[in-house]
Amino acid sequence: MTTATAHHDDHGHHGPAKGIMRWVLTTNHKDIGSMYLWFSFTMLFIGGAMALIIRSELFQPGMQLIEPEFFNQMTTMHGLIMVFGVVMPAFVGLANWMVPLMVGAPDMALPRMNNWSFWILPFAFGMLLLTLFTEAGAPNFGWTFYAPLSTTYAPSSVTFFIFGVHMMGISSIMGAINIVVTILNLRAPGMTLMKMPLFVWTWLITAYLLIAVMPVLAGVVTMMLMDIHFGTSFFDAAGGGDPVLFQHVFWFFGHPEVYIMILPAFGIVSQIIPTFARKPLFGYASMVYATSSIAFLSFIVWAHHMFTVGLPLETELFFMYATMLIAIPTGVKVFNWVSTMFRGSMTFETPMLFALAFVVLFTIGGFSGLMLAIAPADFQYHDTYFVVAHFHYVLVPGALFGIIAGVYYWLPKWTGNYYDEKLGKFHFWMSFIGVNVTFFPMHFIGLAGMPRRIPDYALQFADFNAIATVGAFIFGFSQLVLLYVVIKSIRGGEKATDEVWEGAEGLEWTIPSPAPYHTFAEPPHVK
Amino acid sequence: MFSRTWQRLSSVVLGLFLSPAIMADWELNMPQGVTDISQSIYDLHMLIFWICVWIGVVVFGVMFYSIFAHRKSKGAKASQFHESLGLELLWTALPTAILIAMAVPATTTLIKMYDTTDAQVDIKITGHQWKWQYDYLGEDVGFFSNLTTSQDEIYDRTAKGDNYLLEVDKHVVVPTGQKIRFLITSNDVIHAWWVPEIAVKKDAIPGYINESWALIPEGKEGLYRGQCAELCGVDHGFMPIVLEAVTEDQYQIWLDDQRAAAEAQAAAALGDFSHEQLMVKGAEVYARSCAACHGAEGEGMGSVFPALAGSAIATGDMAEHIDIVLNGKQGTAMQAFAAQLGEVDLAAVITYERNAWGNDAGDTVTPKMIIDAKQ
């Protein structure tokens, strides 16, 4: 691998514009990546504040702080913001920053579209959040917005929600197309597909999932719009429609969406573990095949979210078997990560700590996923806190820890300064403790019979709910430490070397730290 | 027997995480329940749980061994091996075998759960925002079942009872030793009828009739409590289920009582009631059926549920007031109460609404007027 970086110093016409218009008009992948990440971080605090409102109300039985109606608005908005406003934009932000650097491209393939796909997002979420201040209140039908609760019985703000989802979908599809085109066309000479870093591979597959399913989501909300305003009856049984059809279409989007939120995290962890184990990733090819298998399976398992809707026995069996199959490629990935660590030479900087926690806690989330796949048992688990525990384990110490690990890993490359390692470790341990104290007890209250999405509960669930609330506050406030660490690293600190990490391999570590505004004007050669 | 051992092991392991004071079994784990099916599901649950635990022990064991032994600070030198087709095949094949072994008992149980044939009792369950309606098919018995936990308990104004949020005015009574088929549907949005102890959870969907069944063995008479399990709107958390399993003899007596009570109620509606009697009864009915949305003092709730105190309908034309209570209001959460409440209750609650909280219509709605309005 040669270092063929264009060492442009900023002589005005090559550097960024000054002032606010730099950010409005920018077509630079690094600027846009940063904007995506800051947007996601802002949304994390908004969605997190909603989670703390929910947990505060659930601290003890009885209604103390908010009304059930507002509680439902909070659960709905919390879910929508975390899925569409935090996890997805954060991954797109990381892709914007890192994919061109990893494949040796000068920028994303479609820079103007890149600008547009970011700038749609603040408007989409602005519209969604403003519904909180309307007379009818925000959407209150859960982030899964099952019809007819979200159509015939919805508050009038549902129309804003539908247009918000359309805008997010347009943004995601454009972002995904950009990533696919960049990866397939702008790789440096010599970088064959099977030489691409795993983060690039997982994002390529994720981008195809996005292109496949975001139009399905757009379709289902358009059908809702028609039902609400134009007199159709897609989901209205009284007009010959079918409420279950909604769930089939929604989950045909929704299940691949679940993997959209985890595959890039797999990629990040697959970059970090080899670096800090100082040992090549074990089973690179099998990682690629496993990721592809998971992506394929994600299209044929959607009805496991619907085991209790009264599907025919044969359908139920098919979806149970198909869902159980997912455990196999997922297991392969976990085994490969562990084998990468085995007989390595490990150190435990903050990115590695988050990556290790990811492997353990995501696997616990995978285990409860396997339990949920067993259809007969799912009749007891479905729509309880056991499910809440499951998907928070895969999304918080899964997706979110993956993102945070990536931020710590690449932060010195972005800012040119090492972050404060002591504070980083403090942030890790507070997050690790907080996340487990919050979500582990939810397994118990779910098995004991507490349904999800209820603002008040029977007395036997009180102890674990109180514990979970304490954990949520620990976890939530620890994220302020991350904010401080990031700002501190931007403002100064120990200068980072080009390689940043001792064991790091890949094109992104051959350019200077901080990464210059323009990189790889001449493509590097990969042997 | 095998499952007993598992159960004991599981309480030990789970107990490690928790202080003994809060380690009552029912708080931590899935209930074993009272039916064969609920026991089979519990066994499946524990089987897959232990498979996961053992895989976790092995995988995390190797991982933590590496973390302790293969660290740079201990002078570990990194090997450079990075491939092994044999290992990849092994850890693809082994989980596949485990999953197949797991799928067999799961399939058997699922087939049993889907066999709703030869039921001796048929109960149609209809979900409404936010209460359950039960109809005993062929028995001429049917009723609505409402939450009885008071607003005062919910809003911490009085102490909470033992069965807080899990108590209703009318239990759904079923006989033991007989196969009961539940036919589950909904009148508005999707609900889900769930009683953990009999392992029945099925969505109640408008336009569909879903089937499920339970056979509670003789000797397992008792009260089994459950809740709605699908988000169905603002009071989703406030529509519990109380299943009362009784012996076959008691069940027949209960059915006769229900029919007799219905006749008595119809006869009573033809009698005379004073304004004061209706106001007293109306206050009870209001607290049970109306207060959750319209507020304990008729103050309403937000913009969705209008106040009744001082409202144009409750102080205006009586016929319009009767009509909206009986038939509901299209496109809003206001339901039709004609089938939910008896004539006496309807007359009482409308009279109450017109004369409570400063409303001064001053008139009296009699049960006979309700009977006329229904025709």
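Residues numbered from 1 in each chain as written. Chains lettered and ligands numbered in written order. Predicted model: local features only at pLDDT ≥ 70, side-chain atom pairs only at ≥ 80, totals over all residues. Heavy atoms only, no water.

Enquirer: Give a detailed account of the overall build of chain B, specifying residues and quantitative values.
Expert: Looking only at helices and strands, one finds 12 helices and 10 strands in chain B. Against the 2.2 N^0.38 benchmark of 21 Å for 375 residues, chain B shows a C-alpha radius of gyration of 28 Å, more extended than a compact globule. With respect to the principal axes defined by its C-alpha atoms, chain B has extents near 90 × 50 × 40 Å. For chain B, the residues scored as buried account for 50% of the 375 residues in total. (Helix = DSSP H or I, 4+ residues; strand = E, 2+ residues; numbered from the N terminus. Rg over C-alpha atoms; globule rule 2.2 N^0.38 Å. Buried < 20%, exposed > 50% of the residue type's maximum accessible area, 1.4 Å probe, protein only.)

Enquirer: Quick rundown of the overall build of chain A? Include the residues and the values.
Expert: The number of helices and strands found in chain A is 16 helices and zero strands. Whereas a compact globule of 527 residues would reach a radius of gyration of roughly 24 Å, chain A reaches 23 Å, a difference of no more than 12%. Projecting the C-alpha coordinates of chain A onto the three principal axes gives extents of approximately 65 × 50 × 45 Å. Residues classed as buried in chain A amount to 67% of the 527 residues present. When contacts within chain A are restricted to residue pairs at least 6 apart in sequence, long-range pairs at least 24 apart make up 82% of them. Surface accessibility of chain A: about 16600 Å² in total, with carbon and sulfur atoms responsible for 70%. For chain A, the separation between the mean place of its 20 positive charges and that of its 28 negative charges on side chains is 14 Å. (Contact = heavy atoms within 4.5 Å. Areas by Shrake-Rupley, 256 points an atom, 1.4 Å probe, with all protein chains shown as cover. Lys, Arg positive; Asp, Glu negative; His and termini not counted. Charge placed at Lys NZ, Arg CZ, Asp CG, Glu CD.)

Enquirer: So what's going on with the packing of helix 9 (residues 284-297) of chain A against helix 11 (residues 327-341) of chain A? Which residues, and what values?
Expert: For any two helices packed against each other, the geometry comes down to the angle between their axes and how far apart the axes lie. Residue and element names in this part refer to chain A. Where helix 9 meets helix 11, the axes come as close as 8 Å, and the angle between the chain directions of the two elements is 150 degrees. With respect to their mutual orientation, helix 9 and helix 11 come out roughly antiparallel. Like other packed secondary-structure pairs, helix 9 and helix 11 cross with a definite hand, here left-handed. The residues of helix 11 that touch helix 9, namely those facing Ser286, Met287, Ala290, Thr291, Ser293, Ile294 and Leu297, are Pro329, Thr330, Val332, Lys333, Asn336 and Trp337. (Axes fitted to C-alpha atoms, helices over the stretch in contact; angles between N-to-C directions. Parallel < 35°, antiparallel > 145°, perpendicular 65-115°, else oblique. Left-handed = near helix turned anticlockwise from the far one by under 90°.)

Enquirer: How would you summarise the sheet that holds strand 1 (residues 121-128) of chain B if you had to cite specific residues and measurements?
Expert: Residues and elements named next belong to chain B. Spatially, 3-2-1-5-8 is the arrangement adopted by the five strands of the open sheet, whose pairing is mixed. Across the chains shown, the open sheet's two edge strands, defined by having one partner strand only, are strand 3 (141-145) and strand 8 (210-215). Strand-to-strand twist in this sheet, taken as the mean axis angle between neighbours without regard to direction, amounts to 20 degrees. Alignment of strand 1 against strand 5 (residues 179-186), held across seven bridges, turns out to be parallel. (Pairing = 2+ DSSP bridges.)

Enquirer: Break down the nonpolar core for me, with residues and values.
Expert: Counting residues in each nonpolar core, the largest one holds 272 residues, and the members touching the most others are Phe84 of chain A together with Tyr136 and Trp193 of chain B. Element by element, the count of residues in this core is highest for helix 3 (residues 68-103) of chain A, at 22 residues. Core analysis: the next-biggest nonpolar cluster, separate from the first, contains 24 residues, Val285, Tyr286, Val325 and Leu341 of chain B among them. (Core = buried A, V, L, I, M, F, W, Y, C linked by side-chain atoms within 4.5 Å.)

Enquirer: So, the domain arrangement of chain B: which residues are in play, and what are the values?
Expert: All names here are of chain B. Examined at the domain level, chain B breaks down into domain 1 (2-72 + 82-113), domain 2 (121-262) and domain 3 (269-374). Using C-alpha coordinates to define each centre, domain 2 is positioned 25 Å away from domain 3. Residue-level contacts link 11 residues of domain 2 with nine residues of domain 3. Taken over both partners, the interface formed by domain 2 and domain 3 buries close to 890 Å², and the fraction arising from carbon and sulfur atoms is 53%. When residues of domain 2 are sorted by the area they lose upon contact with domain 3, Lys131, Phe144 and Gln151 head the list and together hold 41% of the total. Linking domain 2 with domain 3 are one salt bridge, by the criterion used here. A salt bridge links Arg288 to Asp169; its shortest N-O distance comes to 3.4 Å. (Domains from an automatic or database assignment. Buried area = accessible area lost by both parts, 1.4 Å probe. Salt bridge = Lys/Arg side-chain N within 4 Å of Asp/Glu carboxyl O.)

Enquirer: Please provide a residue-by-residue account of a nonpolar patch on the surface, values included.
Expert: Residues and elements named next belong to chain A. Nonpolar side chains collect at one region of the surface, where Leu110, Ile177, Leu184, Leu193, Met194, Tyr208, Ile211 and Tyr289 lie side by side and expose about 660 Å² of accessible area between them. Taken together, the elements giving at least two residues each to the nonpolar patch come down to helix 5 (158-185) and helix 6 (198-229). Among the structural elements, Tyr208 can be located in helix 6. Taking relative accessible area as the criterion, Tyr208 reaches 44% and is therefore assigned partly exposed. (Patch = residues over 30% accessible without salt bridge, like charges linked within 9 Å, V, L, I, M, F, W, Y side chains within 5 Å.)

Enquirer: Tell me about the interface of chain B and chain A, residues and numbers included.
Expert: Counting residues at the interface gives 91 residues for chain B, matched by 95 residues for chain A. Contact with chain A buries surface across chain B, with Trp91, Lys201 and Leu231 of chain B losing the most and accounting together for 8% of the total. Glu502 of chain A is the salt-bridge partner of Lys72 of chain B, the closest N and O atoms lying 2.9 Å from each other. Summed over the shared surface of chain B and chain A, the result is 26 residue pairs in polar contact (both at pLDDT 80 or more). Going through the elements one at a time, helix 2 (25-28), helix 3 (36-69), helix 4 (85-113), strand 7 (200-204) and strand 9 (222-228) of chain B are the ones with two or more residues in the side of chain B that touches chain A. Element by element, the count of residues in the side of chain B that touches chain A is highest for helix 3 of chain B, at 16 residues. Residue classes in the side of chain B that touches chain A are distributed as 54 nonpolar, 23 polar and 14 charged. (Polar contact = N/O pair within 3.5 Å; in protein donor to acceptor, adjacent residues only side chain to side chain. Nonpolar A, V, L, I, M, F, W, Y, C, P; charged D, E, K, R; others polar.)

Enquirer: Kindly report on the environment of Ala348 of chain B, identifying the contributing residues and their values.
Expert: All names here are of chain B. Within the secondary structure, Ala348 is located in helix 11 (residues 343-355). Among the residues examined, Ala348 registers a relative accessible area of 0% and is labelled buried. Placed 67 residues apart in sequence, Ala348 and Lys281 show a C-alpha to C-alpha distance of 5.9 Å. Not counting residues up to four positions away in its chain, the partners in contact with Ala348 are Leu278, Lys281 and Gly282.

Enquirer: Lay out the packing of aromatic side chains in plain terms, naming residues and giving numbers.
Expert: Within the structure shown, the criterion is met by 64 aromatic pairs over all chains. For the pair Tyr418 of chain A and Trp501 of chain A, a centre-to-centre distance of 6.0 Å together with 70 degrees between the ring planes defines the contact as edge-to-face. Residue Tyr418 of chain A is found in the loop between helix 14 (385-415) and helix 15 (421-447), and its partner Trp501 of chain A is found in the segment after helix 16 (462-491); the two are separated by 83 residues along the sequence. Lying across the ring of Tyr114 of chain B, Lys202 of chain B places its NZ or CZ 4.8 Å from the centre. (Phe/Tyr/Trp six-rings, centres within 6.5 Å; stacked < 30°, edge-to-face > 60°. Lys NZ or Arg CZ within 6 Å of the ring centre and 35° of its normal.)

Enquirer: Summarise the state of the cysteines; cite the residues concerned and give the values.
Expert: This model, assessed by the stated rule, comprises zero disulfides over all chains. Here Cys228 of chain B stays unpaired: no disulfide links it, and the sulfur of Cys232 of chain B, its closest cysteine neighbor, is 3.9 Å away. (Disulfide = S-S within 2.5 Å.)

Enquirer: Give me the confidence of the model for chain A: which residues, what numbers.
Expert: Averaged over all residues, the pLDDT of chain A equals 94, while 97% of them reach at least 70. Under a pLDDT of 50 for its full length, residues 1-12 of chain A has, in the predicted model, 26 contacts with residues more than four places off or in other chains. (pLDDT = per-residue confidence, 0-100.)

Enquirer: Go over the pairing of strand 9 of chain B with me, naming the residues and quoting the values.
Expert: Residues and elements named next belong to chain B. Note: strand 6 (residues 191-195) against strand 9, two bridges, orientation antiparallel. Residue pairing for strand 9: Trp193 is matched across the bridge by Cys228. Pairing of strand 9 with strand 10 (residues 241-246) involves five bridges; the strand directions are antiparallel. Residue pairing for strand 10: Arg225 is matched across the bridge by Val242.

Enquirer: An account of the pattern of salt bridges is needed here, citing residue identities and associated values.
Expert: Residues and elements named next belong to chain B. Within the structure shown, the criterion is met by 17 salt bridges over all chains. Residues Asp345 and Lys281 are paired through a salt bridge, measuring 3.5 Å at the closest nitrogen-oxygen approach. On the criterion of sequence distance, the pair formed by Asp345 in helix 11 and Lys281 in helix 7 (residues 275-289) is long-range, its members being 64 residues apart. We note a salt bridge from Asp345 to Arg288, for which the minimum N-O separation is 3.7 Å. Of this pair, Asp345 sits in helix 11 while Arg288 sits in helix 7, and the two are 57 residues apart along the sequence.

Enquirer: An account of the packing of helix 2 (residues 29-57) of chain A against helix 4 (residues 111-130) of chain A is needed here, citing residue identities and associated values.
Expert: Residues and elements named next belong to chain A. Axis separation between helix 2 and helix 4 bottoms out at 10 Å; the angle between their running directions is 15 degrees. It follows from the interaxial angle that helix 2 and helix 4 lie roughly parallel. Handedness of the crossing formed by helix 2 with helix 4: left-handed. When helix 2 is examined against helix 4, the residues His29, Ile32, Met35, Tyr36, Phe39, Met43, Ile46 and Met50 are found in contact with a partner set consisting of Pro111, Asn114, Asn115, Ser117, Phe118, Trp119, Leu121, Pro122, Phe125 and Leu129. Counted by class, the contact of helix 2 with helix 4 contains 14 nonpolar, four polar and no charged residues.

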